[in-house]
Amino acid sequence: MGKGKVVLAFSGGLDTSICVPLLKEHYGFDEVVTVAVDVGQPATDIEEATRKGELIGDTHYTIDIRERFVEEQLFPSIKANGSYEGYPMGTALARPLIAEEIVAIARKEGANAVAHGCTGKGNDQLRFDFIFRKAGLEIVAPMREMNLTREWEMEYAAEHGIPVPVVKEKPYSIDENCWSRSIEGGRLEDPAFHPPGDIYAWTVSPAEAPDTPEEITIGFAGGVPVSLNGAELSGYELIRTLNEIAGRNGVGRNDMIEDRILGLKAREIYEHPAATVLLAAHADLERLVLTRQELHFKKIVDDKWSELGYMGLVDEPLFWALSAFIDKTQERVTGFVDVILYKGSVTVAGRRSDEALYSDDLVSFESTTIDQNDAVGFSAYYGFQARLYHKK
Ligand code: ARG
């Protein structure tokens, strides 16, 4: 009598593919259920994962959560100006939902164990494990537990009739969803090594982008994007379209040294064209409609929200409390932002909103609505204590 069923988070790559026989031979499970979750990675990747899962898993599921990912993770992240150490989070936002889908399948299939292909060095193991542990499931992570080399994995795959992707000289680890594409590993692990052009798939290099600037208009309602150039689009469609527009203008690349949760520094490269534009436009619109007090305090809240999001602690009570604060502020973040994309740069050219706290009448050099003499009394007390101090 074996250990019953295990549900495996499955991408179709080499690591998660060899997990299938390993879970049986090495861990003693009787049945492996493979689950591929679609968060907007390339359609070919999802098709490949489905084909492979059906071939080598005992039962396979492919689950499309693209719209849910946008509504439940990306929209809140836009409201929170979600970024970690200066880049828009992507992988971090997808992991909790993927884990939740795995948990739901485990319940449905009556499995007490779940498995993932994460290593023991990255963030994803922690993001998955947090959700799995909360659900009270046994966690199996062969890559983390067995210290396997790539060569061993290839041989093992061949012995078990697992189709191995043709290995071109591109040994990178890539993670994609509709918000961002991350590239790491291989020669990129040398932080001094300049990234070759062929690692990028969503963006052209700024030097190769068109010589004419491209102007777009983004409409926001309640802090989230709802239209592009006047056309109302679903969140997912809007992000897809904007990835293309911004990507062809060389917008949205990051090459950075990142501090992982464990403390390891890692060299990470990202592409996130739509995210770059939407975060810039959103933050600009906030400046038009929120008060100075709201803006300054929200910066602190946004940073903490992002840190917890990066760590995958999305069921931490503080995360919920910060989200409630952010949602409250976003009720008025409605309006339009014109953005110019040009050779890798994103420039806001104009913004307008019925909720604007801006009055050209009050601020204008030409207007007399405000009696400037009122400022004289205000000024008399300005810096009062500091002036006393300097007199001493
Ligand atoms: N460093 C990023 C994060 O922790 C991306 C990791 C994605 N994984 C990958 N295999 N490229 O969110």
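Located above this text is the structure these notes cover.
Overview of the structure. (Residues numbered from 1 in each chain as written. Predicted model: local features only at pLDDT ≥ 70, side-chain atom pairs only at ≥ 80, totals over all residues. Heavy atoms only, no water.)

**So, the overall build of the chain**
As a reminder, the rule being used: Numbered from the N terminus, helices here are DSSP runs of H or I no shorter than four residues, and strands are runs of E no shorter than two. Exposed residues in this analysis have more than 50% of their type's maximum accessible area, buried residues have under 20%, and partly exposed residues fall in between, with area computed by a 1.4 Å probe over protein chains only. Any two residues whose heavy atoms approach within 4.5 Å are treated as being in contact.
A count of helices and strands for the chain gives 14 helices and 16 strands. In terms of overall dimensions, the chain has C-alpha extents of about 90 × 45 × 45 Å along its principal axes. Buried positions account for 48% of the 392 residues belonging to the chain. Considering only intrachain contacts with a sequence separation of at least 6, the fraction spanning at least 24 residues in the chain is 74%.

**Looking at the layout of surface pockets**
Our working rule: Cavities and pockets are found on a 1 Å grid laid over the protein atoms alone: a cavity is a set of points where a 1.4 Å probe fits but cannot escape, a pocket is an open set with protein on both sides within 12 Å along at least five of seven lines, and a lining residue has an atom within 4 Å of such a point. Grid points are joined across faces, edges and corners, and a volume is the space filled by probe spheres set on the points. As a working rule, the residues Ala, Val, Leu, Ile, Met, Phe, Trp, Tyr, Cys and Pro are called nonpolar, Asp, Glu, Lys and Arg charged, and the rest polar, with Gly in that last group.
The computed volume of the second largest pocket comes to approximately 310 Å³. As for the second largest pocket, its lining consists of 14 residues, of which Asn81, Ala283, Glu286, Lys299 and Asp302 are closest to the centre. Take the lining of the second largest pocket: its biggest share by element is seven residues, from helix H10 (residues 292-310). Tallied by class, the residues present in the lining of the second largest pocket amount to four nonpolar, four polar and six charged.

**Considering the site of the ligand**
Note the following rule: Being near a molecule or strand, for a residue, comes down to having at least one heavy atom within 4 Å of it. For the purposes of these results, a polar contact is taken to be a pair of N or O atoms within 3.5 Å, where, inside protein, one atom must be able to donate a hydrogen and its partner to accept one; residues adjacent in sequence count only when each atom of the pair is a side-chain atom. Accessible surface area values rest on a Shrake-Rupley calculation with a 1.4 Å probe, where residue burial reflects the displayed protein chains alone.
The immediate surroundings of the ligand are formed by 14 residues, with Asn123, Ser173, Ser182, Glu258 and Tyr270 found nearest. Take Arg127: an N or O atom from its side chain is 3.0 Å from an oxygen atom of the ligand. Contact distances for the ligand include 2.8 Å between a nitrogen atom and a side-chain N or O atom of Ser182. Coverage of the ligand by the protein chains reaches 91% of its 350 Å² of free accessible surface. Looking at the shell around the ligand, the elements that each hand over two or more residues are helix H4 (91-109), helix H5 (124-134), strand E8 (173-176), strand E9 (181-184) and strand E14 (265-271). Within the shell around the ligand, the residues separate by chemical class into four nonpolar, four polar and six charged.

**A few points about the pattern of salt bridges**
The cut-off we apply is this: The rule for a salt bridge is simple: a side-chain nitrogen of Lys or Arg has to be within 4 Å of a carboxyl oxygen of Asp or Glu.
Summed over all chains, the structure comprises 31 salt bridges. One salt bridge connects Glu184 with Arg260, and the closest N-O pair in it is separated by 3.8 Å. Taken together, the residues span a long stretch of sequence, with Glu184 in strand E9 and Arg260 in the loop between strand E13 (253-259) and E14 at a distance of 76 residues. Taking the relative accessible area as the measure of exposure, Glu184 reaches 22% and is therefore partly exposed. According to the relative accessible area criterion, Arg260 is buried, its value standing at 16%. In this structure, Glu214 engages Arg248 in a salt bridge whose closest nitrogen and oxygen atoms are separated by 2.7 Å. With Glu214 in strand E10 (residues 214-221) and Arg248 in helix H8 (residues 235-248), this residue pair connects regions lying 34 residues apart in the sequence.

**Points about the pairing of strand E3 (residues 59-64)**
Each regular strand carries side chains that alternate between the two faces of the sheet. Short version of the rule: When DSSP finds two or more bridges between a pair of strands, those strands are recorded as paired. We call a crossover right-handed when, viewed with both strands directed away from the observer, the connection leading from the first strand over the helix to the second proceeds clockwise.
Taken together, the six bridges between strand E2 (residues 31-38) and E3 define a ladder with parallel strand orientation. Each residue of the ladder has a partner; that of Val33, found in E3, is Thr59. Since E2 and E3 lie parallel, the crossover through helix H2 (residues 43-56) that links them has a hand, and here it is right-handed.

**Concerning the packing of H4 against H5**
The criterion, for reference: Only C-alpha atoms enter the line fits that serve as axes; for helices the fit covers just the stretch in contact. Angles between N-to-C directions range over 0 to 180 degrees. Take the far helix as the reference: if the near one is turned anticlockwise from it by less than a right angle, the crossing is left-handed, and if turned clockwise, right-handed.
For the pair H4 and H5, interaxial distance at closest approach is 9 Å and the crossing angle is 35°. As H4 packs across H5, the resulting crossing turns out to be right-handed. Across from Thr91, Ala92, Arg95, Pro96, Ile98, Ala99, Glu100, Ile102 and Val103 in H4, the residues of H5 making contact are Asp124, Arg127, Phe128, Ile131 and Phe132. Classifying every residue of the contact of H4 with H5 gives nine nonpolar, one polar and four charged.

**Considerations on the nonpolar core**
Filter applied, for reference: The nonpolar core is taken to be a set of buried Ala, Val, Leu, Ile, Met, Phe, Trp, Tyr and Cys residues, with the residues joined through side-chain atoms within 4.5 Å.
Counting residues in each nonpolar core, the largest one holds 75 residues, and the members touching the most others are Val7, Val35, Ile216, Ile218, Leu242, Val277 and Leu278. Per-element accounting of this core gives the leading share, 10 residues, to H4. Once residues within four sequence positions are removed from consideration, Leu242 is found in contact with Ile216, Ile218, Leu228, Gly247, Ala274, Val277 and Leu278. Counting residues in hydrophobic clusters, the runner-up holds 23 residues, among them Ile18, Val32, Val140 and Tyr156.

**Here's the deal with the environment of Asn373**
The residue Asn373 is located in the loop between helix H12 (360-363) and helix H13 (374-380) in this model. For the pair Asn373 and Ser11, spaced 362 residues apart in sequence, the C-alpha separation works out to 68 Å.

**With respect to the side chain of Thr203**
As for its placement among the helices and strands, Thr203 is situated in the loop between E9 and E10. Residue classification places Thr203 among the buried residues on the basis of a relative accessible area of 8%. At 2.7 Å, the side chain of Thr203 forms a polar contact with the side chain of Arg253. Separated by 2.6 Å, the side chains of Thr203 and Glu271 make a polar contact. For Thr203, the contacting residues outside a window of four places in its chain are Gly247, Val251, Gly252, Arg253, Glu271 and Pro273.

**Considerations on the environment of Phe297**
Checked against the element boundaries, Phe297 lands in helix H10. As a C-alpha pair, Phe297 and Ala349 span 52 residues in sequence and 26 Å in three-dimensional space.

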